[in-house]
Amino acid sequence: MNDHPQSPGPDLEALLSTTLRAEAEQVETDPAALALIRRRIAVAKPATSFRRGFSRPALAGGMLAAVVALGTVVGINVASNDRAQDVVADPPATALAADASRNAESATGPNDTMAAKVAPAEGTAPMVDTPQEAATQDPGAMSRLKMAPQTPVHKIPLDDGRSPYVAITAPDSGSIVEKTVELKGLARAFEANVIIEVSQNGKVVKKDFATASAGAPDKGEWTKTLSLAPGDYKIEAYEESMKGDGTKLSSDTIWITVAAAPDASNPTSEAPAGPLAPAVDPAATPPDAAR
Amino acid sequence: MVAVFGADQGNGEAAVRWEADDAVTHLYQEHYRALVRLGTLLLRDVGAAEEIVQDSFVAMHGSWGRLRDPEKALAYLRQCVVNRSRSVLRRRVVADKHMPTPGPDEPSAEYGALARLDNQRVMACLRRLPTRQREALVLRYYGDLSEAAIAAAMKVSKGAVKSHTSRGMAAMRKMLEQEQST
């Protein structure tokens, strides 16, 4: 075969080698690739950190506490439900349960302590609807954390000082707030852009953005004022990947309940409008009793 | 208490991560381009090759705790690139059946017409080879790797590398001859 006069013969190896090299020479790489890799490593980090041995027991403990808290909260909710006819049963349970899992890691006390903390807080939901309470209650107190008011157990995501980072610092998850919610948070985001997504019953009802006081690599503060109809909401703040594929680089989520305005959700109540009734955004008024 | 825990974890993580980050930087500077080129030769698609190599770097960073050695890490990266290229090719098979793939990037005008013709012929033959044979040839004649390194990158035995290489070469020779005789 090799004795064919025109065959590439034994120098096919050389030919192949030069061809491959020449072909490879033409390939130019993206100069921004290192930055891209770094970014993707930063995104992948939270997943890998769980594999570290020492965090595993903590995680398991947190899950256990969350399960216990969930059971407690649901029990209390059922018990208190007959007292609070005008409060829809499910939403507070979801808001509280979700909050319980968020804060569960810091809840070190035994079960009954937990229950004691939850019980009075749960009671505030129906109490606000009575005019006397609304009048005497400090409006600021409404936005306080429902669980464990004396110690701030609200956990915001850990910050390693380098990776994309978004956190909501106020209001606390699980709190009952007025219709005009002022969100506060921290962010280390590209071009300081933070996206805020408000959802209810799994549907996004509002999408907005905030601009932090500084962009990556600096951490900045951001605020955003939202006007929401009464009901339970999940609010998620995140940084979206510049790839445009909707990847969330870093996010934080809170669950809040927007207090029902006495005259809006409960027509029979004669509570004074007072500080509880700022202008309602008619566009964002989904029916509260959807389920 | 929350803050203290956060700071602790941050420091502990940072010590481990710095090493892995350094490894990424060094390996990137030295080998990124070559790896992309390797991927491109296997896939004839620069974009896909870059993506694969970036994926491989991310994966390498993740398992740095296990590798801890630039040599091993490079072998790991090579293996990732070969492996992921295979997956891409596998996925591509279906698409290829329905629609002709675009040709390779046009070579630059700096190459002589004759050399270009030669190169194109050789590359065309290479592309018609089965995946394993192509991998073996590219790793050997572009990557200049030893048989052992090729075997590691392809996750096959040394004997298999030998047979893939010789069969690949024989097939290429045959194809080129056929072309010349027509």
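So, here's what we can say about the structure. If you're wondering where the values come from, they're calculated on a predicted model, not measured in any experiment.

### Focus on the overall build of chain A
No. 1: When helices and strands are tallied, chain A shows eight helices and eight strands.
No. 2: The proportion of buried residues among the 291 residues of chain A is 44%.
No. 3: Residue pairs in contact within chain A that sit at least 24 positions apart in sequence constitute 66% of those at least 6 positions apart.

### Topic: the side chain of E239 of chain A
Residues and elements named next belong to chain A.
No. 1: Structurally, the position occupied by E239 is in strand 7 (residues 231-240).
No. 2: The exposure class of E239 is buried, given its relative accessible area of 2%.
No. 3: Engagement of the side chain of E239 in a polar contact is seen with the backbone nitrogen of F190, the distance being 2.8 Å.
No. 4: Sequence-distant contacts of E239, that is, excluding residues within four places in its chain, are made with R39, P164, V166, R188, A189, F190, N193, T247, K248, L249 and S250.

### Some thoughts on the packing of helix 1 (residues 12-25) of chain A against helix 8 (residues 158-181) of chain B
No. 1: Across the interface, helix 1 of chain A lies against helix 8 of chain B with an axial gap of 11 Å and an inter-helix angle of 90°. Between helix 1 of chain A and helix 8 of chain B, the interaxial angle falls into the category roughly perpendicular. Contacts from L12, E13 and L16 of chain A in helix 1 of chain A reach M169, M172, R173 and L176 of chain B in helix 8 of chain B.
No. 2: Broken down by class, the residue content of the contact of helix 1 of chain A with helix 8 of chain B amounts to five nonpolar, no polar and two charged.

### Comments concerning the packing of aromatic side chains
All names here are of chain B.
No. 1: Using the criterion set out here, one finds three aromatic pairs over all chains in the structure.
No. 2: Arranged with centres 6.2 Å apart and planes meeting at 65°, the rings of Y28 and F57 form a pair that is edge-to-face. Here Y28 is found in helix 1 (residues 2-43), whereas its partner F57 is found in helix 2 (residues 46-62), with 29 residues between them in sequence.
No. 3: Y28 sits in the buried class, given a relative accessible area of 12%.
No. 4: For F57, a relative accessible area of 0% gives the class buried.

### Here we look at the pattern of salt bridges
No. 1: A full pass over the atoms with the stated rule returns 10 salt bridges over all chains.
No. 2: Two residues, R21 of chain A and D144 of chain B, come together in a salt bridge whose shortest N-O distance is 3.1 Å. Taken as a pair, R21 of chain A in helix 1 and D144 of chain B in the loop between helix 6 (131-141) and helix 7 (147-154) lie in two separate chains rather than in one.
No. 3: What makes R21 of chain A partly exposed here is its relative accessible area of 33%.
No. 4: A salt bridge links E28 of chain A to R33 of chain B; its shortest N-O distance comes to 3.3 Å. Separated into two different chains, E28 of chain A in the loop between helix 1 and helix 2 (33-49) and R33 of chain B in helix 1 make up a pair that spans both.
No. 5: The exposure class assigned to E28 of chain A is partly exposed, which follows from its relative accessible area of 49%.
No. 6: We classify R33 of chain B as partly exposed; its relative accessible area is 40%.

Procedures and definitions
Residues numbered from 1 in each chain as written. Chains lettered and ligands numbered in written order. Predicted model: local features only at pLDDT ≥ 70, side-chain atom pairs only at ≥ 80, totals over all residues. Heavy atoms only, no water. Helix = DSSP H or I, 4+ residues; strand = E, 2+ residues; numbered from the N terminus. Buried < 20%, exposed > 50% of the residue type's maximum accessible area, 1.4 Å probe, protein only. Contact = heavy atoms within 4.5 Å. Polar contact = N/O pair within 3.5 Å; in protein donor to acceptor, adjacent residues only side chain to side chain. Axes fitted to C-alpha atoms, helices over the stretch in contact; angles between N-to-C directions. Parallel < 35°, antiparallel > 145°, perpendicular 65-115°, else oblique. Nonpolar A, V, L, I, M, F, W, Y, C, P; charged D, E, K, R; others polar. Phe/Tyr/Trp six-rings, centres within 6.5 Å; stacked < 30°, edge-to-face > 60°. Salt bridge = Lys/Arg side-chain N within 4 Å of Asp/Glu carboxyl O.

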